[in-house]
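Analysis of the macromolecular model
Read off the chains here:
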There are 2 protein chains.
Amino acid sequence: MFGKKRKLQGLDAITRKLMAIVGENEVLYKKEDLISYECDGYTMYKGMPRAVVFVKDTQQVSQVVQCLNKEEIPYIARGAGTGLSGGATPLGGEVLISLVKMKRMLHLDLENRKAVVEPGYINLKLTQSISDKGYYYAPDPSSQYACTIGGNVAENSGGAHCLKYGVTTNHILGLEIVLPSGEIVEIGEEGVPDQPGYDLLGLLTGSEGTLGIVTKVTVKVLKNPEAKKTALAYFDDIDDASQAVSDIIAAGIIPAALEMMDEIAIEGVESAAYPVGHPRDIASFLLIEVDGIAVGIDDQIEEILTVCKQNNVREVKVAKDEAERSLWWANRKMGFGAMGAISPDYLVQDGVIPRTRLPEVLAKITQISRKYDLRIANIFHAGDGNLHPLILFDASVPGESERASRAGSECLKEKRGRD
Amino acid sequence: MFGKKRKLQGLDAITRKLMAIVGENEVLYKKEDLISYECDGYTMYKGMPRAVVFVKDTQQVSQVVQCLNKEEIPYIARGAGTGLSGGATPLGGEVLISLVKMKRMLHLDLENRKAVVEPGYINLKLTQSISDKGYYYAPDPSSQYACTIGGNVAENSGGAHCLKYGVTTNHILGLEIVLPSGEIVEIGEEGVPDQPGYDLLGLLTGSEGTLGIVTKVTVKVLKNPEAKKTALAYFDDIDDASQAVSDIIAAGIIPAALEMMDEIAIEGVESAAYPVGHPRDIASFLLIEVDGIAVGIDDQIEEILTVCKQNNVREVKVAKDEAERSLWWANRKMGFGAMGAISPDYLVQDGVIPRTRLPEVLAKITQISRKYDLRIANIFHAGDGNLHPLILFDASVPGESERASRAGSECLKEKRGRD
């Protein structure tokens, strides 16, 4: 007891108040402990938080928020910290409220296709825990092995399969949130989103915790599709790949996923943990998946590959089994992380363009790459025109960070185009 | 000129100001002209508006709103007035801003699957104008021959096919709105909804004009499905029909539509404009549609009909051609209007329940019907548990309106249940 008291003597009043709510061991306040919280997956900007508080239930969130508001100390909710848009990045001096310890599933009702989880519940765990019963959770950001459902709500996360299945907002039935006042409110009733009044579920989803902190999430779960087919199409010319994307959608097929990588991105993923053996001299590949009922699924993938052939594809192949399919997806989902294998630093941008402008915008990105003398890899959800240019740079070279930042801004400007 | 001046002499200053903005002939102010604007499709409550103003462009909406705000006169936006939830019902004394004369299509971009329309553009007209090119607009409220896209945005309208395709909010890419200040703002850029910041598109959709008046709508259009199959399943016991609904969804099939009618509803539609010849002694029918690629579609409908057979269906039939399919849908979509053929008045409620509670809630509605001695017809989007109990009454019988209103409230309470 004496030792413990002494340990706390140097602490300021706020830290002690927070400790009184969550417990001494649930507050980080030493500089060495805070360093890894200076940014999230978006590493271009950093700020030192004042403290990190690990909450374990809704009441604690409410008490922490009330305490901080009373003291006029800003706070930021944080999930796994994998987000690429800086939603959990401190400017400096904030208290981070970490929700990773609120990680339980509270309720599962497969008959009505819903699950209730705490915000720190890991995305992939949901699918893993219900897949043996034939169900899954659709939104699949590439970070799904680590990212949390609460973080997905905060960022309205998409994923490779949002082309067909929509983004997080399309899968949320109800939320419990703690308002800045500390008040706890529930939105959505009986897991039914069609409520009188304004669509607050939609407003809150993607609001990055700025309107309230999500403490409970009711999500839709879906029945596994009866069948899946996954194909790779290798192109010598990236414009042909872009045109194939347009033509597949124009043919009236909605693939479950339609992903594209350019040659720099391929260099990255082939140097990382899950190499597939993609040809290293191609300009681009498409990773295409269709799902649905078993009857006719072979025809669907054949129709798509025919469109690829009409667009000068070099080679196509269909995954021969689930193991091969999984490897292809692991390779794709390593994409951003894999940039570490070929570049000390990278900056990722996230923009959406009409699919018909793909070739034009890709050409502009190439120009931007030359202008700033920085390599830019492209990994993207081509089916819905969702670009992710990855600007590779070395922060230890004076001026490169700034150049990367300017190149990134120019990429985002370019996407607005002349439409 | 002299006559005209004299005509306007008796008018108050507000009416003259409104006329100065939109033109003399575009303002209704006489009691006899206003009577049909006392309510919309929800006829239980009525209020006499002060005036109705027909606007023809965004600037006029802005000027009218500014004028009314300056004078502190409340206003209500109104589309075709077909809404069943009272979104355009005056309390008394408001100015109705009618958007039916803003009815043009402004832009069509099939390559990027979008159309830009004015708010008074009629829902069905959109599909009709692009169907020859192989496209359609998915949200299909039963009033689609008359209701406007702007009204659909205000009410976040659904329809028979929202089981598979979602409601209006899932099909809106951008909005131009006039704020209460008269300021004109655009939400959504290049028709791409994935914008930085809060999801204001979602917030505005379904807000009934209370946050702003929509003056331009960018919607998604979809490629026509390659094939459709439509079936009718007649049941002797309504619980069997409910169970079939649960079992179809549990089988992992998502029909494009899954509609249910009970025997009173069938009596109505068979007495109205599009009789199908449904057996008159059944308890309920399901109208089921699947769509998608042609291959496998027969298997899908067969699988559904097998589920019906496992639930004691009396008879099933598949539409033999597009004409028969159209008749079935016209019959279904006449549902609410058809109540006029069997009852002087009706009150419709709109509630959503988990599908698994269908039999229980239908039994409760039957009890409520007995308790208040009023017939209640059920027409509903069974696939997503969206009930529409229609309480039949005669407003000319003293006390019946009140009884209907109490019965309606009890139906809505019942849907909340014990979940």
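Everything numeric in this text was worked out from a predicted model, so none of it was measured.

Along its length, chain A carries 15 helices and 20 strands. For a compact globule of 419 residues, the expected C-alpha radius of gyration is about 22 Å, and chain A comes in at 23 Å, within 12% of that figure. On the principal axes, the C-alpha backbone points of chain A span a range of 75 × 60 × 40 Å. Here chain A holds 419 residues, and 55% of them are scored as buried. Expressed as a percentage of contacts within chain A between residues at least 6 apart in sequence, the contacts between residues at least 24 apart total 70%. Put simply, chain A shows about 17500 Å² of open surface, and 50% of that area lies on carbon and sulfur atoms. Considering chain A, the positive charge centre built from 46 side chains and the negative charge centre built from 58 side chains are found 7 Å apart.

Attention now goes to the domain arrangement of chain A. Residues and elements named next belong to chain A. One can read the domain layout of chain A as domain 1 (2–98), domain 2 (105–223) and domain 3 (227–416). Just the C-alpha atoms count here: the centres of domain 1 and domain 3 sit 37 Å apart. Contact residues are listed per partner, giving five residues for domain 1 and seven residues for domain 3. Where domain 1 abuts domain 3, roughly 460 Å² becomes buried across the two surfaces, and 72% of that area is made up of carbon and sulfur atoms. If you sort the residues of domain 1 by the area they bury against domain 3, Tyr-42, Met-44 and Leu-84 come out on top, with a joint share of 86%.

Residue and element names in this part refer to chain B. The five strands lie next to each other as β5-β6-β10-β8-β9, forming an open sheet whose pairing is antiparallel. Every interior strand has two partners, whereas the edge strands, β5 (105–109) and β9 (184–187), have only one. Geometrically, the sheet is characterised by an average inter-axis angle of 10° between neighbouring strands, direction not taken into account. Of the strands in this sheet, β8 (172–178), β9 and β10 (213–220) touch helix α4 (residues 58–70), which is tilted by about 45° from β8.

The next point concerns the packing of helix α2 (residues 13–22) of chain A against helix α4 (residues 58–70) of chain A. Residues and elements named next belong to chain A. The contact between α2 and α4 brings their axes to 10 Å, and the two run at 165°. Taken together, the axes of α2 and α4 lie roughly antiparallel to each other. Taken as a pair, α2 and α4 cross one another with a handedness that is right-handed. Residue-level inspection shows Ile-14, Lys-17, Leu-18, Ile-21 and Val-22 of α2 in contact with α4, the latter providing Gln-60, Gln-63, Val-64, Cys-67 and Leu-68. Here the residues of the contact of α2 with α4 are counted per class, giving seven nonpolar, two polar and one charged.

The next subject is unusual backbone geometry. The phi angle at Asn-156 of chain A is positive, at roughly 50°, despite the residue not being glycine. Note on placement: Asn-156 of chain A falls in the loop between α6 (149–155) and α7 (162–165). Of note in the backbone geometry, Glu-208 of chain B takes a positive phi value of approximately 55° without being a glycine. Inspection of the secondary structure puts Glu-208 of chain B in the loop between α8 (200–204) and β10. When its relative accessible area of 30% is taken as the criterion, Glu-208 of chain B is described as partly exposed.

A few words now on the pairing of strand β13 (residues 257–262) of chain A. Residue and element names in this part refer to chain A. Across the six residues of β13, six count as buried, placing the element largely inside the fold. Of the two faces of β13, both are covered, the one formed by Ala-257, Glu-259 and Met-261 as well as the one formed by Leu-258, Met-260 and Asp-262. Pairing of β13 with strand β14 (residues 284–292), which is carried by six bridges, proceeds in the antiparallel orientation. Bridge assignment links Ala-257 to a residue of β14, and that residue is Glu-289. Bridge count between β13 and strand β18 (residues 376–380): two bridges; the pairing is antiparallel. Note that in β18 the partner of Met-260 across the bridge is Phe-380.

So, about the pattern of salt bridges. All names here are of chain B. A full pass over the atoms with the stated rule returns 40 salt bridges over all chains. For Lys-164, the salt bridge identified is with Asp-291, shortest N-O distance 2.6 Å. Of this pair, Lys-164 sits in helix α7 (residues 162–165) while Asp-291 sits in strand β14 (residues 284–292); the two residues are 127 residues apart in sequence, bridging distant segments of the chain. You can call Lys-164 partly exposed: its relative accessible area is 33%. The class for Asp-291 is buried, based on a relative accessible area of 6%.

With 43 residues, the main nonpolar core has Phe-235, Leu-258, Met-260, Leu-286, Ile-288 and Ile-391 of chain A as its most contacted residues. In contact with Phe-235 of chain A, other than residues within four places in its own chain, are Asp-240, Ala-241, Ala-244, Ile-282, Ala-283, Ser-284, Leu-286, Cys-308, Asn-311, Asn-312, Val-313 and Arg-314 of chain A. One finds Ile-301, Val-313, Tyr-372 and Phe-393 of chain B within the second-largest nonpolar core, a separate group that totals 42 residues.

Among the surface-exposed residues, Glu-226 of chain A together with Asp-299, Glu-302 and Glu-303 of chain B lie close enough to one another that they form a single negatively charged patch. Of the residues examined, Asp-299 of chain B reaches a relative accessible area of 44% and is grouped as partly exposed.

Moving on to the sheet that holds strand β18 (residues 376–380) of chain B. Paired through backbone hydrogen bonds, the strands of a sheet run either parallel or antiparallel to each other. Residues and elements named next belong to chain B. Across the sheet, which stays open at both edges, the seven strands sit in the order β15-β12-β14-β13-β18-β20-β16 with antiparallel pairing between neighbours. Strand pairing shows two members of the sheet lacking a second neighbour, β15 (313–318) and β16 (345–348), which therefore form its edges. For this sheet, the mean inter-axis angle between neighbouring strands, taken without regard to orientation, is 20°.

With twelve residues, helix α12 (residues 322–333) of chain A extends 16 Å from end C-alpha to end C-alpha; this agrees with the ideal 16 Å at 1.5 Å per step. Every buried residue of α12 of chain A is accounted for by Glu-324, Arg-325, Trp-328, Trp-329, Asn-331, Arg-332 and Lys-333 of chain A.

What follows concerns the packing of aromatic side chains. Scanning the entire structure with this criterion turns up six aromatic pairs over all chains. Here Tyr-234 of chain A and Phe-285 of chain A contribute two aromatic rings whose centre-to-centre distance is 6.2 Å and whose plane-to-plane angle is 85°, an arrangement assigned as edge-to-face. Within this pair, whereas Tyr-234 of chain A is found in strand β12 (residues 227–235), its partner Phe-285 of chain A is found in strand β14, the two being separated by 51 residues in sequence. Of the two residues, Tyr-234 of chain A and Phe-285 of chain A, both sit in the buried class. Taking NZ or CZ as reference, Lys-101 of chain B lies 5.0 Å from the ring centre of Phe-54 of chain B, over its face.

Rules and cut-offs
Residues numbered from 1 in each chain as written. Chains lettered and ligands numbered in written order. Predicted model: local features only at pLDDT ≥ 70, side-chain atom pairs only at ≥ 80, totals over all residues. Heavy atoms only, no water. Helix = DSSP H or I, 4+ residues; strand = E, 2+ residues; numbered from the N terminus. Rg over C-alpha atoms; globule rule 2.2 N^0.38 Å. Buried < 20%, exposed > 50% of the residue type's maximum accessible area, 1.4 Å probe, protein only. Contact = heavy atoms within 4.5 Å. Areas by Shrake-Rupley, 256 points an atom, 1.4 Å probe, with all protein chains shown as cover. Lys, Arg positive; Asp, Glu negative; His and termini not counted. Charge placed at Lys NZ, Arg CZ, Asp CG, Glu CD. Domains from an automatic or database assignment. Buried area = accessible area lost by both parts, 1.4 Å probe. Pairing = 2+ DSSP bridges. Axes fitted to C-alpha atoms, helices over the stretch in contact; angles between N-to-C directions. Parallel < 35°, antiparallel > 145°, perpendicular 65-115°, else oblique. Left-handed = near helix turned anticlockwise from the far one by under 90°. Nonpolar A, V, L, I, M, F, W, Y, C, P; charged D, E, K, R; others polar. Salt bridge = Lys/Arg side-chain N within 4 Å of Asp/Glu carboxyl O. Core = buried A, V, L, I, M, F, W, Y, C linked by side-chain atoms within 4.5 Å. Patch = residues over 30% accessible without salt bridge, like charges linked within 9 Å, V, L, I, M, F, W, Y side chains within 5 Å. Expected span 1.5 Å × (residues − 1). Phe/Tyr/Trp six-rings, centres within 6.5 Å; stacked < 30°, edge-to-face > 60°. Lys NZ or Arg CZ within 6 Å of the ring centre and 35° of its normal.

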